[in-house]
Amino acid sequence: MASPPHHHSMNNKTWTQTILLSFQIVGVVYGQLSTAPLYVFTTMRSEDLDSEEVVYELFSFIFWTLTTISFIKYVLIVLKADDNREGGTFALYSLLCRNAKVGLLPCDRTADEVMLLEDTSTPPSKINFDSRARRAIEKHKFCHYLILFLALFGSCMTIGAAVLTPALSVLSASFGVERSLSELSHLFTSSQHTQDSVSNALQKYVPVPAACVILIGLFVLQPCGTHKIGFMFAPIIVVWLLFVGAVGVYNIVRWDVEILYKISPLYLFKFIRNLDVSRWRLLGSTILCAAGSEAMFAGLGHFSKKSIKITFICLIYPLLVICYAGQAAFISKNLHIKDFNHLSQSVPSHSKHIFIVVSLLASAVGSQATITACFSIINQCLALNCFPRVKVIHTSKTIHGQVYIPDVNWLLMIFSLAVTIGFRDMVKIGNATSLAIISGMLVTTSLMSLVIALYWEKNLLISAYFLLCFGIVEVAYLSACMLQFHRGAWYLVVLLIVSMTVMLSWHYGTVKKYEFDLQNKVSTEWLIDVSPGLGISRVAGIGFIYTDIVTGIPAFFSHFITNLPAFHQVLIMVSFKSMPVPHVPESERYLIGRIGPRDYKIYRCIVRYGYCDNIRDTNDFEEKIIRAIGEFISIEHVTDIESMVSPDERMIIVGNSSDGNALVPLMNESSNQVSIINEAQVSPIAMEDSDHTVLASSSKSCKKRKKVRFMLPPASSVPKMDESVKKELLELIDARESGSAYFLGQSHLVVRGGSNYLKIFLIMVYRFFEKNGREPPVALKIPHAALVEVGMICTI
């Protein structure tokens, strides 16, 4: 499948554009990595830092963690596994779905055949490639569930990091404010009792309220979008990096010039040789130095790969190494002072107040990476039916990966505030954050090893080597984080249980509803054969029937016409089908076919979209479908269309190019080239039988004309149009002018008696979010005035 145009432009940017993107990236992608020095040493218990040697060994761990995980693993390897320039755990999952049959998304066999039609995104060599590993994975269903679980688990870790990281970074800076104010207060009084009282009051009332105010401000800024936030935040992070880099150089020169020699791997072996519980526990904080590495990959859709690499290699990596080296040099020589492991203590006294201001701003900006990654991941989950319906706002017209999700944004703010107010302790929040970061990294390592074997088609030994090299390191860090489970890390498990329950229940309920629709659909022959017997009449207008199935007639519509034997002169069965790719170009988006004889004027439209596409929230969606059907009609009689679904349904991919020669959009309201027919009224309907209930809402006739109307192209441009084609196109135009009605099935899941408690619980959660989430008519931009909802009971 060809990549969308905006991806090509993203990949072929000039150096000026790349540098501009690199500047934006500093504030969006690298904020968390850049502000990690605020809390890496701070979240370590001061009593565990009992000697210079321990500090040197930890600095060596920090350097090699940044080098092996952030630099080698993510920048040099994982970024190459992008899915059409999209990153994250679901990007890896989609690569596996396309190159090994491990997908568990709701679809039937026929849908698979239709969806894969003319999919050229994977070279034939990869499609035909077969291996023992691929056969084993495709054969065992357990592997399919395990891979989906890993993808969901990694997504939950990203959500957890988006909750915890803002609280941690902002609270760390707020404690710096408290210490600065405490030092200032000592200048106005010489009484030790007064100084202690003021310090205790400041410690109690300053850090948490200040952190809450900054957090609220951070989340309020999110609707501005990635582009504006990038330009607002990038200068702050650049100033922060230059400042801490300068402080690092100062500390290296003043306290220990030889600290750079301590990056030697010998110090790693010394640390392991003298290992005990207290020393091992320190590694849980050390992994925080790589916090934000996962965001580099998850936020790949917002920026170009080249700009991400350039920024890390030329700016982020060297300045962070210098910063950590300077902080380690200061700590190793000042183990006797209070709060020696806080970054603010290593700042020269004449620059401390500048540090406080810059750190406050940088701490707020530093959380942007995880928030941006969270929006991207949830957007992908939505497209793959693994998250309840929420509103997604695309903040960029050129870069589709830049999204903002209001509901998720405010939930993240509430949870971050709850963490800040509830824990009030950086060590506990840091422990939970460390567990989220390393768990997400471990998931990426596992999925990446499968991508190396199944997508890149490398030798299994290379895949195993990647898994062992990075997996062993990350498992070691994971074990260190688990030692702190009782000291705050348990909160991440709570977030995991909540988010995983939501995702699994929504996915389970979606699959069950789809299976019910498949089992209860009726054949297209039924509609054709039953029409004369029921005395079905055709009314003016177009009827859009939204259904998940791609063959046959949905059960809800068959019930509807059985009880009310009438439907519109033109029927369009519309199905949305997710492809395991980020984007489907407009030229390959619509798969159009005809149901039954030409006289029935019943069409099927399968709308194919990627997990980062935004097609349902567009106001011109109906116009695009009508234009696609017009193109289908114009080329059907001259094209030998192969039957791809059933003998009675012929389908073809139809683009939505502006130079189509079937229907011409007419934007001028006053044009008289097409006769005007008043909007059809939709009568209120309410009827019940033993199996279902039908409800419909309606309104009076619309007095406004359509925003977009259609006409046939001039005879000079299409001189040889067949009369039958012209007649059918005119009937389509007339139906469009007469108005539209939208039929939507509302299936209510009911659990059979005697079902197990897990099934009952999952369906209860699904029904709760279905009832309280975004309604399908809203998600599809369906006018309520012309909406007909048909309710059915699905017993599972």
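Residues numbered from 1 in each chain as written. Predicted model: local features only at pLDDT ≥ 70, side-chain atom pairs only at ≥ 80, totals over all residues. Heavy atoms only, no water.

> Sorry if this is basic, but what is going on with the overall build of the protein chain here?
Within the protein chain one finds 28 helices and 14 strands. With 796 residues in all, the protein chain has 60% of them scored as buried. Of all intrachain contacts in the protein chain linking residues separated by at least 6 positions in sequence, the fraction that spans at least 24 positions is 85%. For the protein chain, the exposed surface amounts to about 32,400 Å²; the carbon and sulfur share of it is 61%. (Helix = DSSP H or I, 4+ residues; strand = E, 2+ residues; numbered from the N terminus. Buried < 20%, exposed > 50% of the residue type's maximum accessible area, 1.4 Å probe, protein only. Contact = heavy atoms within 4.5 Å. Areas by Shrake-Rupley, 256 points an atom, 1.4 Å probe, with all protein chains shown as cover.)

> Can you help me understand the nonpolar core in this one?
The tendency in soluble globular proteins is for nonpolar side chains to be buried side by side. Counting residues in each nonpolar core, the largest one holds 156 residues, and the members touching the most others are Tyr-30, Trp-240, Met-296 and Tyr-324. Per element, the largest residue contribution to this core is 19 residues, and it comes from helix 9 (residues 141-185). Setting aside residues up to four positions removed in sequence, Tyr-30 forms contacts with Ile-25, Met-296, Ile-308, Thr-311, Phe-312 and Ile-316. (Core = buried A, V, L, I, M, F, W, Y, C linked by side-chain atoms within 4.5 Å.)

> I'm lost on the pairing of strand 3 (residues 537-546) in this one. Help?
As defined by bridge partners, strand 3 adjoins strand 4 (residues 566-578) across eight bridges and the pair is classed as parallel. Bridged to Tyr-546 within strand 4 is Val-574. Two strands pair when backbone bridges link them, and strand 3 and strand 13 (residues 740-750) are joined in this way by five bridges, in the parallel orientation. Within the sheet, the bridge partner assigned to Tyr-546 lies in strand 13 and is Leu-744. (Pairing = 2+ DSSP bridges.)

> Even after reading the chapter, I still don't get helix 14 (residues 277-286), so can you show me in this structure?
Residues that lie three or four places apart on an α-helix share one face, since the helix turns once every 3.6 residues. Most of helix 14 sits out of view: eight of its ten residues are buried. Residues of helix 14 that are buried: Arg-279, Trp-280, Arg-281, Leu-282, Leu-283, Gly-284, Ser-285 and Thr-286. Considering only its buried residues, helix 14 is in contact with helix 4 (52-77), helix 13 (266-273), helix 20 (426-454) and helix 21 (460-482).

> What am I meant to see in the packing of helix 20 against helix 21 here?
Angle between the axes and distance between the axes: these two values describe a pair of packed helices. Running from N to C, helix 20 and helix 21 point in directions that differ by 170°, and their axes come no closer than 9 Å. Relative to helix 21, helix 20 is oriented roughly antiparallel. Across the contact of helix 20 with helix 21, the residue classes tally to 18 nonpolar, seven polar and one charged. (Axes fitted to C-alpha atoms, helices over the stretch in contact; angles between N-to-C directions. Parallel < 35°, antiparallel > 145°, perpendicular 65-115°, else oblique. Nonpolar A, V, L, I, M, F, W, Y, C, P; charged D, E, K, R; others polar.)

> Would you take a moment to explain a nonpolar patch on the surface for this structure?
A cluster of nonpolar residues, Met-482, Phe-485, Trp-490, Val-494 and Val-498, forms a patch on the protein surface that exposes about 420 Å² of accessible area. The leading source of residues in the nonpolar patch is helix 22 (residues 485-520), at four residues. With respect to the helices, strands and loops of the structure, Val-494 is situated in helix 22. On the basis of relative accessibility, which here comes to 37%, the residue Val-494 falls in the partly exposed class. (Patch = residues over 30% accessible without salt bridge, like charges linked within 9 Å, V, L, I, M, F, W, Y side chains within 5 Å. Salt bridge = Lys/Arg side-chain N within 4 Å of Asp/Glu carboxyl O.)

> Would you mind showing me how to read the side chain of Arg-608 here?
With respect to the element layout, Arg-608 can be found in strand 6 (residues 602-609). Side-chain polar atoms of Arg-608 contact the backbone oxygen of Glu-588, separated by 2.8 Å. (Polar contact = N/O pair within 3.5 Å; in protein donor to acceptor, adjacent residues only side chain to side chain.)

> Mind showing me how you'd approach the packing of aromatic side chains here?
Remark: the centre distance and the inter-plane angle together describe each pair of aromatic rings, the angle taken between the planes. Per the stated rule, a full pass over the model turns up 25 aromatic pairs. Here Phe-312 and Tyr-317 contribute two aromatic rings whose centre-to-centre distance is 5.7 Å and whose plane-to-plane angle is 35°, an arrangement assigned as tilted. Residue classification places Phe-312 among the buried residues on the basis of a relative accessible area of 1%. In this structure an aromatic cluster arises from ring pairing among Tyr-30, Phe-71, Phe-312 and Tyr-317. Across the ring face of Tyr-56, the terminal group of Lys-262 is positioned such that the distance to the ring centre comes to 4.7 Å. Sitting above the plane of the Tyr-267 ring, Lys-270 keeps its charged end 4.6 Å from the centroid. (Phe/Tyr/Trp six-rings, centres within 6.5 Å; stacked < 30°, edge-to-face > 60°. Lys NZ or Arg CZ within 6 Å of the ring centre and 35° of its normal.)

> Help me out: how do you make sense of the pattern of salt bridges in this one?
In a structure, side chains of opposite charge can pair up when their charged atoms sit close to one another. Summed over the entire model, instances satisfying the criterion amount to twelve salt bridges. Of the charged contacts, one joins Glu-770 and Lys-513 as a salt bridge, the two residues approaching to 2.8 Å between their closest N and O atoms. You can see Glu-770 sitting in helix 27 (residues 757-772) and its partner Lys-513 sitting in helix 22, a full 257 residues away along the chain. The class for Lys-513 is buried, based on a relative accessible area of 15%. Between Glu-731 and Lys-601 there is a salt bridge, with its nearest N and O atoms 3.2 Å apart. Of this pair, Glu-731 sits in helix 26 (residues 723-738) while Lys-601 sits in the loop between strand 5 (590-595) and strand 6; the two residues are 130 residues apart in sequence, bridging distant segments of the chain. The network of salt bridges with shared partners includes Glu-586, Arg-589 and Lys-624.

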